[in-house]
Amino acid sequence: MFGRANNLVRLLTFVCEKHFEGATAEIKEYNIAVQALGRPHDFDPQTDTIVRVTAHALRKRLDDYYRTAGAEHAVRICLPPGGYVPKFTHKSDIESELPHLKLDGGDTAPLSNGGLYHEDSLQEFRPDQPVPPLLISPPNAGNGENAASGSVKNVRSRIRIFSTVTILAVASCALFGWYWWSRTAKDRDLSRTRAAAVPMNPAGSPVRALVGNSSSSYIDRAGSTWGSDRFCSGGDKFSIPGHVIQGTEDPELFSAGRRGIFQCNYPVPPGTYEVHLLFAETSGFQEGSRNGQFSINGGPTISFDVADDAAGDDVATTKVFTDVSPGADGMIHVNFITPESFLNAVEILPGTPHRMLPVRIVVGHSSYRDSKGNDWTRDRYFFGGRLSSFAGDLANVPDSRLYEWHRFGHIHYIIPVAAGEKYTLRLYFLERWFGLRNGGFGGVGSRVFDLSCNGSMLLKNFDIFREAGNGPLVKSFAHIEPTAQGKIELYFIPGVNYPSISAIEVIPE
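These figures come from a predicted structure and were not determined experimentally.

Asks: Tell me about the overall build of the chain, residues and numbers included.
Replies: From N to C terminus, the chain includes eight helices and 30 strands. A buried classification covers 42% of the 509 residues belonging to the chain. Once local pairs closer than 6 in sequence are excluded, the contacts in the chain between residues at least 24 apart make up 68%. When the accessible surface of the chain is totalled, it reaches about 26100 Å², and 55% of it is carbon and sulfur.

Asks: Outline the state of the cysteines, supporting the account with residue identities and numerical values.
Replies: Two cysteines joined by a covalent bond between their sulfur atoms form a disulfide. Following the criterion strictly, the structure yields one disulfide and no others. Covalently, C232 is tied to C264 through a disulfide, its sulfur atoms 2.0 Å apart. Negative torsions about the S-S bond denote left-handed disulfides, and the value of about 105° found for C232 with C264 makes this one right-handed. Of this pair, C232 sits in strand β8 (residues 232–239) while C264 sits in strand β9 (residues 256–267); the two residues are 32 residues apart in sequence, bridging distant segments of the chain. For the residue pair C232 and C264, the accessibility class agrees, reading buried in each case.

Asks: Mind laying out the nonpolar core, listing which residues take part and the relevant values?
Replies: Ranked by internal contacts, the top residues of the largest apolar core, which has 31 residues, are Y413, I415, F429 and L490. Contributions of two or more residues to this core are made by β17 (359–362), β23 (411–416), β24 (423–430), β25 (448–453), β26 (456–462), β27 (472–480), β28 (487–496) and β30 (503–508). Tallying contributions element by element places β24 first for this core, with four residues. Discounting residues that sit within four places of it in the chain, I415 has contacts with V359, I361, Y381, G486, K487, I488, L490, I504 and V506.

Asks: I'd like a rundown of the pairing of β26, residues and numbers included.
Replies: Inspection of the sheet shows β25 paired to β26 by four bridges, in the antiparallel sense. Opposite F449, over in β26, you have F462 as the bridge partner. Hairpin connection, β25 to β26: the antiparallel pair is bridged by two residues, and N454 has positive phi, about 50°.

Asks: Give a detailed account of the packing of aromatic side chains, specifying residues and quantitative values.
Replies: What the rule picks out here adds up to 21 aromatic pairs. Measuring from centroid to centroid gives 6.3 Å for F449 and F492, while their planes differ by 45°, and the two rings are tilted. Of the two residues, F449 sits in strand β25 while F492 sits in strand β28, which places them 43 residues apart along the sequence. Three or more aromatic residues link up through ring pairs in this structure, and these residues are F238, F262, F279, F294, F304, F321, F336 and F342.

Asks: Explain the confidence of the model for the chain residue by residue, including any values.
Replies: Overall, the predicted model of the chain reaches an average pLDDT of 81, with 76% of residues at or above 70. Note that residues 179–203 has pLDDT below 50 and, in this model, 15 contacts with residues that lie over four places away or in other chains.

Asks: Describe in detail helix α1 (residues 6–20), supporting the description with residues and values.
Replies: Taking 1.5 Å as the rise per residue, α1 with 15 residues should run 21 Å; its terminal C-alpha atoms sit 21 Å apart, in good agreement. Here α1 has its buried residues at N7, L8, L11, L12, F14, V15, C16 and K18. Phi for G22, located one or two positions after α1, is positive at around 75°.

Asks: I'd like to hear about the packing of α1 against helix α2 (residues 29–36), residue by residue, with values.
Replies: At a closest axis distance of 10 Å, the pairing of α1 and α2 adopts a crossing angle of 120°. It follows from the interaxial angle that α1 and α2 lie oblique. Handedness of the α1/α2 crossing: right-handed. Taken together, the residues of α2 that come into contact with α1 (itself represented by R10, L11, F14, V15 and K18) are N31, I32, Q35 and A36. Among the residues making up the contact of α1 with α2, the classes are represented as five nonpolar, two polar and two charged.

The rules behind these values
- Residues numbered from 1 in each chain as written.
- Predicted model: local features only at pLDDT ≥ 70, side-chain atom pairs only at ≥ 80, totals over all residues.
- Heavy atoms only, no water.
- Helix = DSSP H or I, 4+ residues; strand = E, 2+ residues; numbered from the N terminus.
- Buried < 20%, exposed > 50% of the residue type's maximum accessible area, 1.4 Å probe, protein only.
- Contact = heavy atoms within 4.5 Å.
- Areas by Shrake-Rupley, 256 points an atom, 1.4 Å probe, with all protein chains shown as cover.
- Disulfide = S-S within 2.5 Å.
- Core = buried A, V, L, I, M, F, W, Y, C linked by side-chain atoms within 4.5 Å.
- Pairing = 2+ DSSP bridges.
- Phe/Tyr/Trp six-rings, centres within 6.5 Å; stacked < 30°, edge-to-face > 60°.
- pLDDT = per-residue confidence, 0-100.
- Expected span 1.5 Å × (residues − 1).
- Axes fitted to C-alpha atoms, helices over the stretch in contact; angles between N-to-C directions.
- Parallel < 35°, antiparallel > 145°, perpendicular 65-115°, else oblique.
- Left-handed = near helix turned anticlockwise from the far one by under 90°.
- Nonpolar A, V, L, I, M, F, W, Y, C, P; charged D, E, K, R; others polar.

This is the structure we're talking about:
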């Protein structure tokens, strides 16, 4: 029950060890956050609720444990509300104080007569059930009129008691039924009201939404608008402005979010969609320190360590899910189900059944639509390198915008894709520095580099000029399988001078 809940284990271990060391004065929110949960020394409990969220989840987990697997444990650990100092109780002491109460009896509570009842016992009792034998047992045998009279009175008294109990039971059932019906009706009305209050995006329109930032929208470097957080509820909001995030030109998308147990419901028209969930571990947790869990539309639970997926903290990462359709209520539901979970932003794109949308990236500061109507987004998912533009004449180069800029230097790209598919990778090159375009300076052998993809070498001693001179060059590689994390990782390794790339295309096969 506690094996994979790392933060719960850390918090419980920390407070118990301090208790046995006699150092309960050190059991404070700040110490728990920094010493047990790996928060930085500038931890601020006003903006980071990790300790309170974890303690709440731990109390519930302990309660569940002692109702099930730990029901027979002689000593029990309790974390009283309002503090973090643990309390240890003996089962025998509890039983001696409440001898009628079975500690392993599930959700039970004492009645006034010392018996036990389950919360649903009134619902289970029905007037059409056979009358309990105790209530219709024959009168005590007796001699004479007094005995008979006493017996009749006893029977009448028992009948009155039974009638009263029956009436109370019927009334209770009726009252419970009315309450349940009215509550359900209110929930239905509330759901309809919320659905009506949240505007639905037109068919074919992407949904881009921030999580945790409910004050304003954001326009990213590609010109796309990300709406404020109006689709999520529950959990706790957090904000870390000004944080340096690698792997993105839009760190603002990762500067806020929600953590804990929460739900996001996005209204969309019927159809097939591709869901992108955006994360960056900005709280100082290293790999293996925080394992969140979530599901989409009630599907399988997905365990996810953001720092592990991104290969470090303060690094942007994206998870891609295809073949997502709205539920019967017209919503795409994303539920986060553990206190360690968090999310920064969500992108929902009209998708293609059974395959991912193509990824097309063009180096430079603006997006582009090519002669075939394909949309290319501005440079993203890159690490390292610098940009340079080409001022020469590209009039004779088809779709010349794909070659106007290049990224050069120590470069690698980590491109998120849907796991379980194969892809065709196309790389677009143009030698813009060596050769005729630079007055004949340099030539073959002036720029040589290697290229690996997911650990396999795709290009060895690759020389753009040797293969294409100063013309455009497209290299294509089929049947590329993503990593276990759903990534295509490209590493450009310098040989002679720096590697160069102008555009990247990933096409699902």
